[in-house]
Amino acid sequence: MSEKLKIMMVAAEAAPFAKEGGLGDVAGTLPRALSKRGHDVRVVIPRYYKIDRKELGLKPVGGPLGVSMGIMGFLWCAVLEGRLPGSDVPVYFIDHEQFYGRDALYHESGQRYLDSDNRFVFLSRAGCELCRMIDFSPDVIHVHDWHTSAIPVFLNTLYRNDPLLRDTASLLTIHNIQHQGIFYKGLMDVLGVGWEQFTMKALEFNDQTNLLKGGIYHATLINAVSPSYAKEIQTQPFGHGLDGVARDRAADLYGILNGVDYDEWNPETDPMIACSYSGDYPSGKALCKEELQRIFDMSVHPDVPLIGMVTRLTNQKGIDVLAQAIHRIMDLDIQFILLGAGDAWAHFYFGDLPNRYPGRFGCHIGYDNTLAHAIIAGSDFFLVPSRYEPCGLTQMYALRYGTLPIVRSTGGLNDTVDNFNETTCEGTGFVFHDMTTGALYDTIAWAIHTYHNKTVMETLIPRAMSRRFTWEDASVKYEALYERAVSKRRGRH
Ligand code: ADP
Ligand code: GLC
């Protein structure tokens, strides 16, 4: 490592405090890896209602923080400080009852919160103002997705001549380009950055304000969460209207694959699974399968292949195609377990399948991390049929647990799972290309056929278990990007 960097990470979620998807895993884990490399990293997230001040021993920082919200005037919040578990990394919680004092992060009972524009513009501006409050002059502010994309815009406008922030570079990580934070154009007056930013190149998008677009235009550097996704977002099918903007920044756009928190996801030490196991002691996995079959009231059959799935139930994850194919898939001699939450139709559709296939289809609608561990450990195969997948974490967890992934070749799935080659016996999983029921069915049938060839399985499983995608590796790459961003901001290249 060269220089010790001061890094401010501002995100809508960070595990274990608040997590809806992989973004929370990344914002909760990457800072620890960076801190281990000697950097001064701080994290900023909202204090959602469920983040218990007393239980976590959060301490107030300074007095109330005044945050300018343009024509809405100054709004005040408190700032509470805690630590990322297992580290010294400070986490600052922006405490604003009206914006974050709610049960969920983004939506409740299928309804999105209607004031998310103000909620996340506030978070973005509060992140900048907090630097002043604690007299912290970051080398780089690392922002994630649309929620905090206003920060690069602020740094290039409101704070361009600020003594504390004028040299601060920004890195925008794109976890999902579909969600862009598109709001009415009057939001420009809340941002307070001037209407000259409402241009086709910067924040304007079909006569509305697009926060992610502003972030892509203004960030010093940008990265997507896998090399494949960095390329895909520059193409029309994956860019969701921002492919041109991404192409304009191609020279500053990188791909860095996420890592896995192997302290949590390790079958040798995982306290959430029925029996620990390793490549040398694989029989523990059979006990995990048996326990999983019991949890879901399935028939206990060691030799029937079991396919598991843990996912948000949204269109991105290909669940519509799965729904069309599922009856054909259930004609195979298999068991299937699904854990997920998301779109209401999917709750009803998949939630009813255990009645139709008693003892063979298990389903839990909801969010349950312990069950996720049990499924990833106890299944033989792990299905991720995503339409697009910026990185995807669960297929990497599955590999570590010797649960062979069946995935569509897109984004990070493409970068982490090697297709089984019958001739050479290489590979770690089963990959399909077309987003069709036929391709999905055929690939599952191929995996099931392979399952009955014990010699092949005994080669594939230990190989899958030996694959590693570490945050140590990813943090070295992030460090290089931060350094590049700092040089660029300071006009060194
Ligand atoms: P995404 O962020 O698009 O949802 P990822 O694969 O990057 O996809 O991350 C999903 C994360 O959320 C993983 O840690 C996964 O275990 C977890 N997860 C998703 N759905 C559930 C659920 N219903 N219960 C428990 N964990 C879940
Ligand atoms: C997003 C993506 C997912 C990725 C995660 C973390 O939620 O959908 O593919 O793994 O962010 O970067």
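Here, every reference points to the structure presented above.
Residues numbered from 1 in each chain as written. Chains lettered and ligands numbered in written order. Predicted model: local features only at pLDDT ≥ 70, side-chain atom pairs only at ≥ 80, totals over all residues. Heavy atoms only, no water.

## Some words on the overall build of the protein
1) Next: When helices and strands are tallied, the protein shows 19 helices and 21 strands.
2) Next: Since a compact globule built from 493 residues should have a radius of gyration of about 23 Å, the 23 Å found for the protein is in line with a globular shape.
3) Next: Taken across its 493 residues, the protein has 61% of its residues classed as buried.
4) Next: Put simply, the protein shows about 19300 Å² of open surface, and 50% of that area lies on carbon and sulfur atoms. (Helix = DSSP H or I, 4+ residues; strand = E, 2+ residues; numbered from the N terminus. Rg over C-alpha atoms; globule rule 2.2 N^0.38 Å. Buried < 20%, exposed > 50% of the residue type's maximum accessible area, 1.4 Å probe, protein only. Areas by Shrake-Rupley, 256 points an atom, 1.4 Å probe, with all protein chains shown as cover.)

## With respect to the pairing of strand β14 (residues 221-224)
1) Next: Burial of β14 is two-sided: the residues L221 and N223 facing one way and the residues I222 and A224 facing the other way are all buried.
2) Next: When strand β10 (residues 169-174) meets β14, the two strands line up parallel, connected through four bridges. Residue pairing in the sheet places I174 in a bridge with A224 of β14.
3) Next: Note that β14 and strand β15 (residues 253-255) share three bridges and pair parallel. Bridge assignment links A224 to a residue of β15, and that residue is G255. (Pairing = 2+ DSSP bridges.)

## Describing the layout of surface pockets
Gaps left between atoms are located by rolling a probe of water-molecule size over the structure's atoms.
1) Next: The space that makes up the second largest pocket amounts to roughly 570 Å³.
2) Next: Breaking the lining of the second largest pocket down by element, the ones donating at least two residues are α10 (283-295) and α18 (454-466).
3) Next: Looking at side-chain class alone, the lining of the second largest pocket contains ten nonpolar, seven polar and seven charged residues. (1 Å grid on protein atoms, 1.4 Å probe; cavity = no way out; pocket = protein on both sides within 12 Å on 5 of 7 lines; lining within 4 Å. Points joined across faces, edges and corners; volume = space filled by probe spheres on them. Nonpolar A, V, L, I, M, F, W, Y, C, P; charged D, E, K, R; others polar.)

## Here's the deal with the site of ligand 1
1) Next: Near ligand 1 you find 21 residues, and of these G22, R312, K317, G366 and L393 are the closest.
2) Next: Here an oxygen atom of ligand 1 sits 3.0 Å away from a polar atom, N or O, in the side chain of D25.
3) Next: R312 places a side-chain nitrogen or oxygen 2.7 Å from an oxygen atom of ligand 1.
4) Next: Contact with the protein chains covers 93% of the free accessible surface of ligand 1, which is 560 Å².
5) Next: Among the elements of the structure, α1 (22-36), β16 (306-313), β17 (335-342), α14 (369-378) and α15 (394-400) are those that each provide at least two residues to the shell around ligand 1.
6) Next: Per-element tally for the shell around ligand 1: the top contributor is β16, with three residues.
7) Next: Of the residues contributing to the shell around ligand 1, the split by class is six nonpolar, nine polar and six charged. (Near = heavy atom within 4 Å. Polar contact = N/O pair within 3.5 Å; in protein donor to acceptor, adjacent residues only side chain to side chain.)

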